[in-house]
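# Residue-level structural notes
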Amino acid sequence: MAGGQERILRRRIKSVESTKKITRAMELIAATRVVKAQDRSAAARPYAEMITSVILDLVKVGAAKEHPLLQRHEQARSEAIVCISSDRGLCGAYNSTIIRLTEREIDARRAEGRDFTLFVVGKKAQSYFRFRGFPMDHVFLDVTDQPTYDQAKQISDALRPRYEAGEFENAQLIYWRFLSAGAQQAVVRRFLPLEVEEDDPTARELSADLEYEPSPTGILNELLPRYVEARIYSALLDASASEHAARQRAMKSATDNAEELKITLTRVMNRARQDSITTEIMEIVGGAEALAQGKGSKEDLLVDHLMPPHAFPENLDRTDHTSAHH
Amino acid sequence: MALQVELVSPERVVLETEADMVRARTIGGGDIAFLSGHAPFLGALDTATITIRPAGGGNDIVAAVHGGFISVNEDVVRVLSDLAELAADIDTERARRAEERAQDAVRRGDDTEAEAALRRAHARLTAVGGI
């Protein structure tokens, strides 16, 4: 009975051990992915910074600001919501936070009687919203593990023309902002209409004799769509880095828990084994006691069969007593 | 004094070097070359090649760019492009196949997308010197 319990515990310890190995491996993989995602984020920054500064310069020299991406479409009944979740779980509250934030935004729109259009990135948000019957206009999968600029472009291509056509009043991005490996923040960011800060007195003076080919407005019209893409791309990179960081944390605590569980189970198992040994000893001792007590009177004892007196002739007091029978 | 050249795509900085001359093609403006001391300039790029003549001699660096921008200010030349590929990184065979595919599509009377693909393939092949 006791031995059975020990065996069950041993099996559980083994399974906890192999789970621990898996979570440890996932933790290490996630850790390298965080670094990679950060590198990509850093590599993407020069482009984003340059494009931003060029746009600011253009607006300052008086490029036309009538571009639809710079307009808030007051007459539009709908708003675009881009929700960036992950394809895989095992990353703590990463997805549930994003989904909760998105749902809150949706509820707010509904309360105001406004319409919304959902652009979903990642399998987790997709299955959540599909199960609850939310209409999703576009779903993008296989993105957040390692986002590429092409994928950001696809999202932008799905959203931007409709915004330009005046279908959405504005557009929000909901994603995890990556601050550092230890800190991320789920944010709701409005990214359309683009806001250009003007009249910054500290801005460097632009030479008025700047040459343009084609006109400033023509260049701005080419630039703005790319700026939208760059914004989405940087959000994707942030989300990706945050996802891996969240997974690393979740897997680390899973590994720690497995370690703790293993220690506890080992302790329980050792106690069970000790218990069964103690019981056995008690039984043997008890048996021996019984033997010692019954030595004088009881004749048909196992010990006597095992140790027949003729084999131990020197054991005289015993010989005297039992030889009569044999 | 040499020009400071940065070739930047959204995903990374493709090239950072010093050059004596940079030649690019802008939308509607044709080819334009920049030497040291050029007036400030901002242009939208066509799908074509960019030629960079390295400072202090050496072979020209050729890259295919598919749209994007070039800004010149105080001897700093910045090229921003959705897709910027150095000639060394271009798979000639693949570009050739893409060109054939695009030509077929254009012959069949397909849309502007096929024409854009053809232009991209041309730019790549020009960059590697295949045309």
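Just so it is clear, the structure is predicted and the values come from calculations on it, not from any experiment.

## A few points about the overall build of chain B
Helix and strand content of chain B: two helices and nine strands. The order of helices and strands in chain B, counted from the N terminus, is β-β-β-β-β-β-β-β-β-α-α. Since a compact globule built from 131 residues should have a radius of gyration of about 14 Å, the 15 Å found for chain B is in line with a globular shape. Counting only C-alpha atoms, chain B reaches 50 × 30 × 25 Å along its principal axes. Burial analysis of chain B (131 residues in total) assigns 40% to the buried set. Looking at chain B alone, contacts between residues at least 24 apart form 51% of all its contacts between residues at least 6 apart.

## Considerations on the overall build of chain A
Check the secondary structure of chain A and you find seven helices and six strands. For chain A, the succession of helices and strands along the chain, N to C, is α-β-α-β-α-β-α-β-β-β-α-α-α. Per-residue burial over chain A gives 29% buried out of 326 residues. Here the contacts in chain A between residues at least 6 apart in sequence split such that 78% fall between residues at least 24 apart.

## Brief notes about the interface of chain A and chain B
One frequent convention defines the size of an interface as the accessible area lost when the parts assemble. Contacts between the two partners involve 22 residues from chain A, matched on the other side by 21 residues from chain B. Of all the elements in the fold, those that place two or more residues in the side of chain A that touches chain B are α1 (2-60), β6 (211-213) and α5 (216-294) of chain A. Class assignment of the residues belonging to the side of chain A that touches chain B gives a composition of 15 nonpolar, two polar and five charged. Alignment of β6(A) against strand β4 (residues 41-44) of chain B, held across three bridges, turns out to be parallel. The residue of β4(B) that forms the bridge with A:Glu213 is B:Gly43.

## Here's the deal with the sheet that holds strand β1 (residues 78-84) of chain A
All names here are of chain A. Taken together, five strands build an open sheet; the order of strands is β3-β2-β1-β4-β5 and the sheet is mixed. Edge strands, defined here as strands with exactly one partner in the open sheet, are β3 (136-140) and β5 (183-192). On average, adjacent strands in this sheet sit at an angle of 20° to one another, irrespective of strand direction. As judged from the four bridges shared by strand β2 (residues 115-121) and β3, these two strands associate in the parallel manner.

## A few points about the packing of helix α2 (residues 94-111) of chain A against helix α3 (residues 123-131) of chain A
Residues and elements named next belong to chain A. Contact geometry of α2 with α3 gives a least axis separation of 10 Å together with a crossing angle of 50°. Of the possible angle classes, the one that applies to α2 and α3 is oblique. Relative to α3, α2 is oriented so that their crossing is right-handed. Within the contact between the two elements, α2 uses Asn95, Ile98, Ile99 and Thr102 and α3 uses Lys124, Ala125 and Tyr128. Its residues assigned to classes, the contact of α2 with α3 comprises four nonpolar, two polar and one charged.

The rules behind these values
Residues numbered from 1 in each chain as written. Chains lettered and ligands numbered in written order. Predicted model: local features only at pLDDT ≥ 70, side-chain atom pairs only at ≥ 80, totals over all residues. Helix = DSSP H or I, 4+ residues; strand = E, 2+ residues; numbered from the N terminus. Rg over C-alpha atoms; globule rule 2.2 N^0.38 Å. Buried ≥ 20, exposed ≤ 12 C-beta atoms within 10 Å, placed from the backbone. Contact = placed C-beta atoms within 7 Å. Nonpolar A, V, L, I, M, F, W, Y, C, P; charged D, E, K, R; others polar. Pairing = 2+ DSSP bridges. Axes fitted to C-alpha atoms, helices over the stretch in contact; angles between N-to-C directions. Parallel < 35°, antiparallel > 145°, perpendicular 65-115°, else oblique. Left-handed = near helix turned anticlockwise from the far one by under 90°.

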